[in-house]
Amino acid sequence: MQPSVYQKTIETLAEAGIESPRLEARLLIADVSGVNVDDMPITPIIDDNMLENLNRNVARRIEGMPLDKILKHREFYKSDFEVSEDVLSPRPDTEILVEAALKIIKENNLKNVLDLGTGSGCILLSLLAEIKDMQGVGVDVSEKALQVAQKNTKKMRLSKRVTLIEKSWFDDGFLGSFQEPFDLIVSNPPYIETSEIEKLDISVRKYDPIVALDGGEDGLKHYRQIAEMASFLLKDEGYILLEVGYNQAEKVKKIFSDKGFIHTGTVRDLAQIDRVVIFKR
Ligand code: GLN
């Protein structure tokens, strides 16, 4: 590739404090050249149009737009997911929920799963891609998020086993959307306290949808609502796995035990923070 373009991109990113400027420069250049980064020739031809796109994307990156929102896709668990500004970017912490769910699904031979707040579909689709005889329903309040989930479902060839429903779980009649109870509920609901949102990093505050972040005044309103509904949505002995914020595990445990659910486990993330709590009906 023209060394000047590559070098200049690396330098611009590095000067802006981007942590992995070489890797990001390669990914951004591959993206505008329309090639897979692994297949990118040493000297790709970059025409004026590509250069214009590259400069625009580098400027966005420097302003704080996350790389995945520029590239419009991101690796999560074992697949590559389309993302957009209408979905929460899949995060490594949430892969812990997928791993914990897969263990429980296999141990208990669970056959159907409900994902509350499916977003890009990364949790639901990762589970179904691993468990070939499982069916799943993904619910989201955002039509645009579900369009992304729908694309990912098709891309992963899971359409036959996935149903996507656009609804708020605060709506009357929400429970009437489901024909039969589930073996498993998974969710990474919005859990940020409303007043904390403006303090989040720009990459989250500006580029993840507020509706996927805002957990109400104390950050717990979605957990309370899920706890309220779960005994209607879940079979006897069904499981619930929830991602929680860094200081929420104990509070969420209390919300669910007050409703009669049994806490069966907690999983920590890479930073040793309690990140996923597990309950059984
Ligand atoms: N993980 C996101 C963050 O901390 C929040 C996601 C959520 O509210 N579920 O930035």
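What you are looking at is a predicted structure, and each value in this text was computed from that prediction instead of being measured.

1. Concerning the environment of arginine 224
Phase 1: Tracing the chain through its elements places arginine 224 in helix α9 (residues 221–233).
Phase 2: Counting along the chain gives 35 residues from arginine 224 to lysine 259, while the straight-line C-alpha distance between them is 9.6 Å.
Phase 3: The residues touching arginine 224, leaving out its near neighbours within four places in the chain, are Asp218 and Ile255.
Phase 4: At 3.0 Å, the side chain of arginine 224 forms a polar contact with the side chain of aspartate 218.

2. Regarding the sheet that holds strand β9 (residues 274–280)
Phase 1: If you walk across this open sheet you meet the 7 strands as β5-β4-β3-β6-β7-β9-β8, and the pairing is mixed. Edge strands, defined here as strands with exactly one partner in the open sheet, are β5 (162–166) and β8 (262–268). Ignoring which end each strand starts from, the neighbouring axes of this sheet average 15° apart.
Phase 2: Strand direction decides the pairing type here: strand β7 (residues 234–243) and β9, joined by 5 bridges, are antiparallel. From the neighbouring strand, isoleucine 240 faces β9, where its bridge partner is phenylalanine 279.
Phase 3: Where helix α7 (residues 143–155) meets the sheet, its contacts fall on β4 (135–140) and β5, and the angle it forms with β5 comes to roughly 170°.

3. A closer look at the site of the ligand
Phase 1: In the region of the ligand, the neighbouring residues are Leu88, Arg91, Asn188, Pro189, Pro190, Tyr191, Ile192, Val204, Ala212 and Leu213.
Phase 2: At a separation of 2.6 Å, a nitrogen atom of the ligand approaches a polar backbone atom of proline 189.
Phase 3: In the model, an oxygen atom of the ligand is placed 2.9 Å from a nitrogen or oxygen of the tyrosine 191 main chain.
Phase 4: Surface burial for the ligand is 86%, taken as the share of its 300 Å² of free accessible area covered by protein chains.
Phase 5: Among the residues forming the shell around the ligand, the class breakdown is 8 nonpolar, 1 polar and 1 charged.

4. Here we look at the packing of aromatic side chains
Phase 1: Under the criterion given, the structure shown has 5 aromatic pairs.
Phase 2: Both rings, one in phenylalanine 178 and one in phenylalanine 182, keep their centres 5.8 Å apart while their planes meet at 80°; by these two values the pair is edge-to-face. Each member of the pair, phenylalanine 178 together with phenylalanine 182, is buried.
Phase 3: Ring geometry for phenylalanine 256 and phenylalanine 279: centres 4.7 Å apart, planes at 15°, overall stacked. Of this pair, phenylalanine 256 sits in helix α10 (residues 249–258) while phenylalanine 279 is found in strand β9, placing the two residues 23 residues apart along the sequence. The burial state of phenylalanine 256 is the same as that of phenylalanine 279; both residues are buried.

Thresholds, definitions, all that
Residues numbered from 1 in each chain as written. Predicted model: local features only at pLDDT ≥ 70, side-chain atom pairs only at ≥ 80, totals over all residues. Heavy atoms only, no water. Helix = DSSP H or I, 4+ residues; strand = E, 2+ residues; numbered from the N terminus. Contact = heavy atoms within 4.5 Å. Polar contact = N/O pair within 3.5 Å; in protein donor to acceptor, adjacent residues only side chain to side chain. Pairing = 2+ DSSP bridges. Axes fitted to C-alpha atoms, helices over the stretch in contact; angles between N-to-C directions. Near = heavy atom within 4 Å. Areas by Shrake-Rupley, 256 points an atom, 1.4 Å probe, with all protein chains shown as cover. Nonpolar A, V, L, I, M, F, W, Y, C, P; charged D, E, K, R; others polar. Phe/Tyr/Trp six-rings, centres within 6.5 Å; stacked < 30°, edge-to-face > 60°. Buried < 20%, exposed > 50% of the residue type's maximum accessible area, 1.4 Å probe, protein only.

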